[in-house]
Protein chains: 2
Amino acid sequence: MFERPRIKHCKACGTAVVYRVPDDGDTRERAVCPACGTIHYENPLNVVGTVPVLGTRVLLCKRNIEPRWGKWTLPAGFMELGETTADGAARETVEEAGAQFKMGELFALMNVMRVGQVHLFYLAELQSDRFDPGHETIEARLFEEDEIPWDEIAFRTVREALRCFFEDRRAGRFQFHTLDIQ
Amino acid sequence: MFERPRIKHCKACGTAVVYRVPDDGDTRERAVCPACGTIHYENPLNVVGTVPVLGTRVLLCKRNIEPRWGKWTLPAGFMELGETTADGAARETVEEAGAQFKMGELFALMNVMRVGQVHLFYLAELQSDRFDPGHETIEARLFEEDEIPWDEIAFRTVREALRCFFEDRRAGRFQFHTLDIQ
């Protein structure tokens with residue numbers, strides 16, 4: 001969902017970094033500070049969200065931010081320090097949809113290697129069809145399966161989570177899914 | 001598994017950062033650069049590993065690095081950019097144990113909120129009882145359940161993964177586990 005700018009300066013002392021394999025047995029090139037020796041690690045990030053359900057309908061949010069302004073998404077965003085994956089998924093559902101819901105089980109884990117992200121979706125049971133979306137959302141709306149705007153979905157992982165959800169519902173049982181997105 | 005040092009300088013231009021809530025609708029304090037405006041996000045990291053099994057025995061590695069030097073662990077480490085969670089778990093199993101194995105299903109996801117980490121363990125089926133551990137490991141060894149050195153296990157998530165594994169084995173079926181570690 002975003003491109004990472006290259007690290008140019010040391011976060012500890014501000015000196016310009018060099019890219020090399022550290023001397024500690026590491027095998028990867030890192031941004032290393034030639035002054036204070038700080039090694040800057042860059043690692044994948046978790047995106048956490050929900051599949052919020054009310055009866056036979058699923059909640060989608062129309063994005064009011066880039067990227068993919070105006071496209072539909074499940075409530076999801078970057079996991080923060082000080083929260084669990086489920087906490088983060090619930091927080092995003094409040095922030096983006098202003099929904100009232102009960103959190104369910106972890107439903108899908110998807111690797112999006114190209115952008116260094118892992119996406120985690122939980123099932124959530126909506127308690128009401130009234131929403132109060134925040135500034136990141138133009139509109140929060142419930143969709144029956146045959147109303148889903150498949151060509152207007154913001155992200156591949158959202159499309160896959162919806163596809164798994166409807167497949168499982170047809171099969172009469174929800175299971176945990178792991179997928180790698182190319 | 002590590003403490004994060006506070007960001008003091010901008011990674012883009014080297015200027016000393018200030019901690020404040022950015023003006024973009026964010027609600028959290030971030031390290032913001034007063035010169036170029038770069039916002040520095042800090043997010044939880046994924047630790048990926050395996051529960052490597054040969055018949056009735058599980059492979060543990062005696063740590064040759066801090067923290068917890070000399071304690072026993074499952075092969076695991078920080079997920080890197082350019083790999084999936086399963087790729088990372090397999091890489092750590094090669095690096096720390098030099099094991100030959102077939103990767104299995106995702107077995108456990110554990111939130112370790114206190115240190116901003118999510119630990120993911122996959123099942124792995126060992127193909128041989130010969131190991132060639134790297135520099136991070138003093139010894140790689142197979143343990144029957146009643147031989148597991150429970151008081152000498154390096155990390156709480158490793159203990160929980162082993163506990164779930166042996167419980168599931170007794171129950172005759174392996175399922176996916178989610179846990180929050182305090």
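Preceding this paragraph is the structure being described.
Bear in mind that the values here come from a model prediction, so they are computed numbers and not experimental data.

A. View of the overall build of chain A. The helix and strand tally for chain A stands at two helices and 11 strands. Once the C-alpha set of chain A is aligned to its principal axes, its extents read approximately 60 × 35 × 30 Å. When burial is assessed residue by residue, chain A has 51% of its 182 residues classed as buried. The contacts of chain A with a sequence gap of at least 6 include a subset with a gap of at least 24, amounting to 60%. For chain A, the exposed surface amounts to about 8500 Å²; the carbon and sulfur share of it is 47%. Between the mean site of the 23 positive side-chain charges and the mean site of the 29 negative ones, chain A shows a separation of 4 Å.

B. Inspection of the environment of E29 of chain A at higher detail. All names here are of chain A. Positionally, E29 belongs in the loop between strand 1 (18–20) and strand 2 (30–32). Overall, E29 belongs to the exposed group, its relative accessible area being 53%. Counting along the chain gives 103 residues from E29 to D132, while the straight-line C-alpha distance between them is 46 Å. For E29, the contacting residues outside a window of four places in its chain are Y19, R20 and V21.

C. Geometry of unusual backbone geometry. Residues and elements named next belong to chain A. Each neighbour pair has its own omega, and for E66 with P67 the value is -5°, a cis peptide bond. Tracing the sequence through the fold places P67 in the loop between strand 5 (57–63) and strand 6 (72–73). Within the chain, R68 stands out as a residue other than glycine whose phi angle is a positive 65°. Here R68 shows up in the loop between strand 5 and strand 6. For R68, a relative accessible area of 42% translates into the label partly exposed.

D. Representation of the relation of the copies chain B and chain A within the structure. Each copy superposes on the other: chain B lies on chain A with an RMSD of 0.0 Å after a rotation of 180° and an axial shift of 0.0 Å. The relationship between the two copies is best expressed as a two-fold rotation axis. The rotation axis passes nearest to the C-alpha of G14 of chain B in chain B, at a distance of 2.0 Å. Looking at chain B, 100% of its interface residues are interface residues in chain A too, so the copies touch through the same face.

E. Quick peek at the sheet that holds strand 1 of chain A. Residues and elements named next belong to chain A. Within the open sheet, the three strands sit side by side as 1-2-3. Their pairing is antiparallel. On the outer flanks of this sheet lie strand 1 and strand 3 (39–40), each paired with one strand and no other. Two elements, strand 1 and strand 2, share three bridges in a ladder whose sense is antiparallel. Looking across to strand 2, one finds that V18 is bridged to V32.

F. How the structure looks around the environment of A16 of chain A. All names here are of chain A. Its place among the elements puts A16 in the segment before strand 1. By relative accessible area, which is 42% here, A16 ends up partly exposed. Along the backbone, A16 and R173 are 157 residues apart, and their C-alpha atoms lie at a distance of 54 Å. Leave out the neighbours within four places in its chain, and A16 touches K8, H9 and P34.

G. A look at the pairing of strand 8 (residues 101–112) of chain A. All names here are of chain A. Of the strand pairs in this sheet, strand 8 and strand 9 (residues 117–126) are connected by nine bridges, and their pairing is antiparallel. Within the sheet, the bridge partner assigned to M103 lies in strand 9 and is A124. With antiparallel pairing between neighbouring strands as the criterion, strand 8 and strand 9 make up a hairpin whose turn holds four residues, including G116 at a positive phi of roughly 65°.

H. Looking closely at the sheet that holds strand 2 (residues 30–32) of chain B. Across the sheet, which stays open at both edges, the three strands sit in the order 1-2-3 (chain B) with antiparallel pairing between neighbours. In this open sheet, the two edge strands, each paired with only one partner strand, are strand 1 (18–20) and strand 3 (39–40) of chain B.

I. Representation of the interface of chain B and chain A within the structure. On the side of chain A, 39 residues touch chain B, which itself brings 39 residues to the contact. Between chain B and chain A, roughly 3400 Å² of surface is buried when both sides are summed, and carbon and sulfur atoms account for 58% of that area. When the buried surface of chain B facing chain A is broken down by residue, K11, L81 and M113 of chain B rank first, second and third, together holding 18% of it. Put simply, E80 of chain B and R30 of chain A hold a salt bridge, and the shortest N to O gap is 2.6 Å. Viewed at the interface, chain A and chain B are joined by 13 residue pairs in polar contact (both at pLDDT 80 or more). Class assignment for the residues of the side of chain B that touches chain A results in 15 nonpolar, 12 polar and 12 charged.

Cut-offs applied
Residues numbered from 1 in each chain as written. Chains lettered and ligands numbered in written order. Predicted model: local features only at pLDDT ≥ 70, side-chain atom pairs only at ≥ 80, totals over all residues. Heavy atoms only, no water. Helix = DSSP H or I, 4+ residues; strand = E, 2+ residues; numbered from the N terminus. Buried < 20%, exposed > 50% of the residue type's maximum accessible area, 1.4 Å probe, protein only. Contact = heavy atoms within 4.5 Å. Areas by Shrake-Rupley, 256 points an atom, 1.4 Å probe, with all protein chains shown as cover. Lys, Arg positive; Asp, Glu negative; His and termini not counted. Charge placed at Lys NZ, Arg CZ, Asp CG, Glu CD. Least-squares fit on C-alpha atoms with pLDDT ≥ 70 in both. Pairing = 2+ DSSP bridges. Buried area = accessible area lost by both parts, 1.4 Å probe. Salt bridge = Lys/Arg side-chain N within 4 Å of Asp/Glu carboxyl O. Polar contact = N/O pair within 3.5 Å; in protein donor to acceptor, adjacent residues only side chain to side chain. Nonpolar A, V, L, I, M, F, W, Y, C, P; charged D, E, K, R; others polar.

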